[in-house]
Every structure is written in C-alpha cells, then in structure tokens.
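Observations on chain architecture
Chain by chain, the residues:
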Amino acid sequence: MKTYIWSLPTRIFHSCLVLFIVITYISGDDDYLKIHSVFGYGIGVLILSRLLWGKIGPKYSNFKDFNFSFKKAFSYSLDILLKKDNKIYAGHNPAASFVLYFLLITIGFVVLTGLLALGEEPNKGYFKFLNTSIFEDIHEIIANFMLILIAVHISGVLLDRYLHKEHGTLKSILFGYKNVEEENVVLSLKQKIVSFLFLCLMLFIMYLTATDFDHLF
C-alpha cells in the first residue's frame, strides 16, 4: 500500500537544499563569492523555513513525529548492525531523527558563520562593520563537520534501501509516496500559504542579493 508521506513543500525544501549546498561548495573560491553568497542566503532561508515547518508542518515532517530517544536510536542502529528486523517507521527512524536535526542546526551555523566571515572582508556583507578575522576558519570547520553529517545521512538512506528496498524510501524523497500502511499527509490551507510565502521570500532574497550585489556588498 502506498502512503503519501512527504508533502510537496518538504520535497521542494530537500531538493533545493541539496542543490544549493552543492553549488555553494563548488563556488567556495573567492572568485565566485557572489554565487556563493546568493545560494548561501538561499540556504539560510531554507533552514528557517524548515525549522518553522518542524513546528507547523504536517505529520512526518513535524518535529513531534521525530523519535528523539538516544536509547531507541542506539537500539535501532544496533539492530541494523546485527541484521535484525527493525521496526518500520513511515517518517524518520530514531537514528535518522537525530542526524537530520543536528544537520539542520549545523547548516544553520554554517550560514551564520558564513555571514560573519563575509563581514571580515572590506566593505562586504551585512556584517561589514566587523573587524576580526576568525570567522572564516570557524566557517570552514563547521562546513566540514556538516559534510560528515551529510555523509552519515546519505549512508543511512542507502542502507535503508539495501535492507528495506520494498518500502521505497529513496523514491519517496522524490515523489512523496512510501510503501507503508500509514496515514496520508494532507496539507491545511495555512500550511500551503506559509510554505508558498517562504518560497517567495527565498527567491526574493536571492534575487536581491544577485541583482544588487555591488551595493549590498
């Protein structure tokens, strides 16, 4: 039985976040500072929207549905290593819940330190009043830690595909449906409006940064 697990706003967020992180990573050189900044701000808006979505979003995307239990996360991970049958979770399993939550927080700090690092450059960024030179190193350290968490996240998805291919977890990230018997996600009007407004805000901030780069920076 197919169940609608991941709503369109959640899938758009995930796709944009993956794409934007790849672009910012590739454009990390000073020669591509404008591109790096435009998509960095986009990531910032995405993270804010996801944190809010975790409060007002539908089941499975809402933080209330996350399994924040170290005991369950350890037990779930141990069962995987021992190749025991795991409890099936329509949304995030306990291990994934912790990884994704810490990943969101880490990406948020990457964006913040990126803004502060940009402020270290002469007359650049919204924090150009800063007069220090420590944030660039911090930004790189946290960004590298973020890559480790991303690697763990991807490994978990691939492992789940190997162990539970029949559930279609990987495909559900793209199409929203998972082969489990659970409640279908239905968005309220409020959730649709909020997700649309955040999408517009993200595009506006990126457009403003791209078109008025010389004045803003």
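Residues numbered from 1 in each chain as written. Predicted model: local features only at pLDDT ≥ 70, side-chain atom pairs only at ≥ 80, totals over all residues. Heavy atoms only, no water.

1. What about the overall build of the protein chain?
Assigned secondary structure in the protein chain consists of eight helices and two strands. When its helices and strands are written in sequence order, the protein chain yields β-α-α-α-α-α-α-β-α-α. Considering the protein chain as a whole, with its 217 residues, one finds that 45% of them fall into the buried category. Here the contacts in the protein chain between residues at least 6 apart in sequence split such that 71% fall between residues at least 24 apart. Carbon and sulfur atoms make up 66% of the accessible area of the protein chain, which totals about 13000 Å². (Helix = DSSP H or I, 4+ residues; strand = E, 2+ residues; numbered from the N terminus. Buried < 20%, exposed > 50% of the residue type's maximum accessible area, 1.4 Å probe, protein only. Contact = heavy atoms within 4.5 Å. Areas by Shrake-Rupley, 256 points an atom, 1.4 Å probe, with all protein chains shown as cover.)

2. A closer look at the side chain of Asp65
As for its placement among the helices and strands, Asp65 is situated in the loop between helix H2 (33-56) and helix H3 (70-81). Of note is the side chain of Asp65, whose polar atom sits 3.4 Å from the side chain of Lys59. Discounting chain neighbours no more than four positions away, the residues touching Asp65 are Lys59, Tyr60 and Gly91. (Polar contact = N/O pair within 3.5 Å; in protein donor to acceptor, adjacent residues only side chain to side chain.)

3. As for the environment of Val186
Topologically, Val186 is positioned in the loop between strand E2 (177-178) and helix H7 (189-211). Spatially, the C-alpha atoms of Val186 and Trp6 are 9.8 Å apart, while their sequence positions differ by 180 residues.

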